[in-house]
Amino acid sequence: MIINKLIKNNLDIKFITRIEILAHEAGHNSAAAFSHSENYDYKQKGLQSYRKGWVYPTDKNTIGIIDDDDNRKHMTIK
């Protein structure tokens, strides 16, 4: 996972812990719906957020990860 090295200098980033930074970046990597784009909204609750305390996955995020086409191609039940 790549963590943006500009985070520490970006005053818009409101993370309070490195764990939240990792959760946010994991969200970007977990499903195509969460990838960076021009229409990306960082102010919503969930994995996309950059606000303190808002970063952890919502039910909608979890469903989005499970429903992601690429993820579904690689899922197995054991």
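This one's a predicted model, so the numbers in the text were calculated from it and none came from an experiment. (Residues numbered from 1 in each chain as written. Predicted model: local features only at pLDDT ≥ 70, side-chain atom pairs only at ≥ 80, totals over all residues. Heavy atoms only, no water.)

### Some words on the overall build of the protein
Helix and strand content of the protein: three helices and zero strands. Its helices and strands in sequence order give the protein the pattern α-α-α, from N to C terminus. Relative to its 78 residues, the protein shows a buried fraction of 27%. In the protein, the share of contacts with a sequence separation of at least 24, taken over all contacts with a separation of at least 6, comes to 42%. When the accessible surface of the protein is summed, it comes to about 6,200 Å², and 54% of that surface belongs to carbon and sulfur atoms. (Helix = DSSP H or I, 4+ residues; strand = E, 2+ residues; numbered from the N terminus. Buried < 20%, exposed > 50% of the residue type's maximum accessible area, 1.4 Å probe, protein only. Contact = heavy atoms within 4.5 Å. Areas by Shrake-Rupley, 256 points an atom, 1.4 Å probe, with all protein chains shown as cover.)

### Concerning helix 1 (residues 18–30)
Look at helix 1: 18 Å from first C-alpha to last across 13 residues, which is about the 18 Å you get at 1.5 Å a residue. Of the positions making up helix 1, those classed as buried are E20, I21, A23, H24, E25, G27, H28 and S30. Buried-residue contacts for helix 1 involve helix 2 (59–67) and helix 3 (69–74). (Expected span 1.5 Å × (residues − 1).)

### A look at the packing of aromatic side chains
By the definition in use, this model includes zero aromatic pairs. Here the basic side chain of K45 rests over the ring of W54, its NZ or CZ set 5.7 Å away from the ring centre. Of note, R51 hangs over the ring of W54, and the distance from its end group to the ring centre comes to 4.5 Å. (Phe/Tyr/Trp six-rings, centres within 6.5 Å; stacked < 30°, edge-to-face > 60°. Lys NZ or Arg CZ within 6 Å of the ring centre and 35° of its normal.)

### Description of the side chain of D68
Along the polypeptide, D68 turns up in the loop between helix 2 and helix 3. The side chain of D68 is buried and forms no salt bridge, while K73, the nearest opposite charge, is found at 8.3 Å. Apart from the residues within four sequence positions on either side, D68 is in contact with A31, A32 and A33. (Lys, Arg positive; Asp, Glu negative; His and termini not counted. Salt bridge = Lys/Arg side-chain N within 4 Å of Asp/Glu carboxyl O.)

### Concerning the confidence of the model for the protein
Summing up the model confidence of the protein, the mean pLDDT is 76 and the portion of residues at 70 or higher is 73%. Ranking the elements of the protein by mean pLDDT puts helix 3 last with 79 and helix 2 first with 88. (pLDDT = per-residue confidence, 0-100.)

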